Amino acid sequence: MRIGAMVPGRLGNRFRAAGHSGYRRLRTYLIVAVQAGLAAALSWVVAREVLGNPDSTFAPAAAVGVIAAALGNRARRTVELVVGVLLGIAVGDVLVLLLGTGAWQTGVIVFLAITVAATVRGPGALTTQAGGTAVLIATLTPNAPGLELPRTINALVGGAVGLFVVLVVAPLNPLRTVRRVADQALDLFAREMTASAEALARADVGAAERVLDRMRASESELHRLTEVVGAAEEVVRFSPVRWRRRRTLTAYRRGAEHMDRAFRNSRSLVRRIGTALRDEEPVPPDLPAAIEHYGEAVRMLHREFLGGREPVGARERVLRAVREAGEACRQEIGFSGTIVVSQLRTIANDLLRATGVPADEARRLVRRAAAGH
C-alpha cells in the first residue's frame, strides 16, 4: 500500500518538474523565436524584392536554419550551410552529367554527396545541406535548369540575414540571459548540496533519495548553462553593442564546464550518502558541515562572477569544506563515509578549476587543505 501511494506522488513531482523546466526553457529561448521570425521575413524581402529571385523560399529556410542552430554555433552553422549547398551542387552536377537522372541515380548522387561532406566535416549542417541540395539537383535539374545559382544565392542571403539579426538587429542580452539560466542552475546545485547535508545530519535516508531523484531530473540545467554561455560569448565576440560584457562572459565560459562536472560528481556523492545512511555508519558532524560549505561556495562563485570579481571567497569556502571533510575522515567514520570524503575532494577540485585555478595548483591546494593546512 505504501509503495502504491508513493508512485502517484513521484509521478506528480516529475510532471511538475517537467512543467517548470518547460517554462524555464521558454523564457530562455523565446528570443530565438523572435529572431527566427525577423530573419525569415527579412531574408524573404532581400531575396525576392531586392535581388529579384522569384523563388525565394530557401532564403527564409536558410535563415531559420542558422537561427535554430545550437546556441553558440551560429557563425559556424552559416559557413557549413553555404559550403554544404555548394558541395551538393558540385557533386550533383558532376554525377548528373555522368549518370543521368532517375531513381537509382538519385540514390547514388545523395550517397556520394553525403559521403564527401562527412569526410570533409562530419555530421552537421554541411552534411544535411549537401544531401538536400544533391536531391534537388538530381530530381529537378531536367525540369528546372539553372537551379544552382538561385539556391546558392538564397543560402548566402539566408545565412547573412540570420547572422545580421542575431548580432545586430535583435542580439540577446548576454549577461541577462546567462544570469537567468545561471540563477536557476547554480541555485539548484547549491540547494541540493544543502539538502543532502541536512539529510546526512538527520540520518534521513528518504530525504537523501529524494535529493538524488531531483538531481537526476535536473541534469539538463547545467548543460543548458554551458549552451547559453556559448551563445552569449558568440554575441559579445561579434556584436559591437555587447563587447563590454566580454570579461564577465569569459569567467562564465571558463567555469561552466567544470561546474557541469562538479554537478555530475555530486550525484555520486549523494548516492554514497544514501548508502552510508542505510548501513547506519557513524556520521561525524564535520561531514555534513563540509557538504553545506560546498553549497555556499557555489552561491558565492555565482555572485562573484556576476560582479566581475576574482572568486576569492568561493575558493576559500571550498578549501574550508575540504579541511572540515579531512577532520571528519580522522574521526570515527565508515567505508561509505570515507568515499564521501574522497568525492568531496574531487568536487572541490572541480570547483577550484571553475574559479580559474590551474589543474596542478587545484590539486595541490586540495591536498594541503585535506591535511589540515
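First, a word on scope: everything that follows refers to the structure included in this document. As the structure is a computational prediction, the values presented were derived from the model and not from experiment.

## Observations concerning the packing of aromatic side chains
When we look at a pair of aromatic rings, we describe it by the centre distance and by the angle of the planes. All told, the structure shown has 1 aromatic pair when counted by the stated rule. On the numbers, 5.4 Å between centres and 90° between planes, the contact of phenylalanine 189 with phenylalanine 263 is edge-to-face. Residue phenylalanine 189 is located in helix 7 (residues 174-202), and its partner phenylalanine 263 is located in helix 10 (residues 246-278); the two are separated by 74 residues in the primary sequence. Exposure remark for phenylalanine 263: the relative accessible area of 0% places this residue in the buried category.

## A short note on the pattern of salt bridges
In the structure shown here, the tally under the stated rule is 12 salt bridges. Among the salt bridges present, the one from aspartate 187 reaches arginine 191, with a minimum N-O distance of 2.5 Å. Of this pair, aspartate 187 and arginine 191 both sit in helix 7, separated by 4 residues, roughly a single helical turn. Residue arginine 191 is classed as partly exposed on the basis of its relative accessible area, which comes to 39%. A salt bridge links aspartate 360 to arginine 363; the shortest N-O distance between them is 2.3 Å. Here arginine 363 and aspartate 360 lie together in helix 14 (residues 359-370), a separation of 3 residues that amounts to about one turn.

## Things to note about empty space enclosed by the protein
Following the criterion strictly, the structure yields 2 cavities of 30 Å³ or more and no others. Taken as a whole, the second largest cavity encloses approximately 50 Å³ of empty space. Lining of the second largest cavity is provided by Leu186, Leu225, Tyr252, Gly255, Ala256, Met259, Leu301 and Phe305. Elements with a minimum of two residues in the lining of the second largest cavity: helix 10 and helix 11 (286-306). No other element matches helix 10, which puts 4 residues into the lining of the second largest cavity. Across the lining of the second largest cavity, the residue classes tally to 7 nonpolar, 1 polar and no charged.

## Quick word on a nonpolar patch on the surface
There is a patch of nonpolar side chains on the surface, built from Leu30, Val34, Leu38, Leu42, Phe164, Val168 and Val169 and spanning about 570 Å² of accessible area. Counting only elements with at least two residues in the nonpolar patch, the list comes to helix 1 (2-50) and helix 6 (148-169). The element that contributes the greatest number of residues to the nonpolar patch is helix 1, accounting for 4 residues. In this fold, phenylalanine 164 is placed in helix 6. Overall, the relative accessible area of 45% leaves phenylalanine 164 in the partly exposed class.

## Here we look at unusual backbone geometry
A positive phi angle, close to 55°, is found at alanine 203, a residue other than glycine. The residue alanine 203 is located in the loop between helix 7 and helix 8 (205-217) in this model. On the basis of relative accessibility, which here comes to 51%, the residue alanine 203 falls in the exposed class. Of note in the backbone geometry, glutamate 280 takes a positive phi value of approximately 55° without being a glycine. Examined against the element boundaries, glutamate 280 turns out to sit in the loop between helix 10 and helix 11.

What counts as what
- Residues numbered from 1 in each chain as written.
- Predicted model: local features only at pLDDT ≥ 70, side-chain atom pairs only at ≥ 80, totals over all residues.
- Heavy atoms only, no water.
- Phe/Tyr/Trp six-rings, centres within 6.5 Å; stacked < 30°, edge-to-face > 60°.
- Helix = DSSP H or I, 4+ residues; strand = E, 2+ residues; numbered from the N terminus.
- Buried < 20%, exposed > 50% of the residue type's maximum accessible area, 1.4 Å probe, protein only.
- Salt bridge = Lys/Arg side-chain N within 4 Å of Asp/Glu carboxyl O.
- 1 Å grid on protein atoms, 1.4 Å probe; cavity = no way out; pocket = protein on both sides within 12 Å on 5 of 7 lines; lining within 4 Å.
- Points joined across faces, edges and corners; volume = space filled by probe spheres on them.
- Nonpolar A, V, L, I, M, F, W, Y, C, P; charged D, E, K, R; others polar.
- Patch = residues over 30% accessible without salt bridge, like charges linked within 9 Å, V, L, I, M, F, W, Y side chains within 5 Å.
- Areas by Shrake-Rupley, 256 points an atom, 1.4 Å probe, with all protein chains shown as cover.

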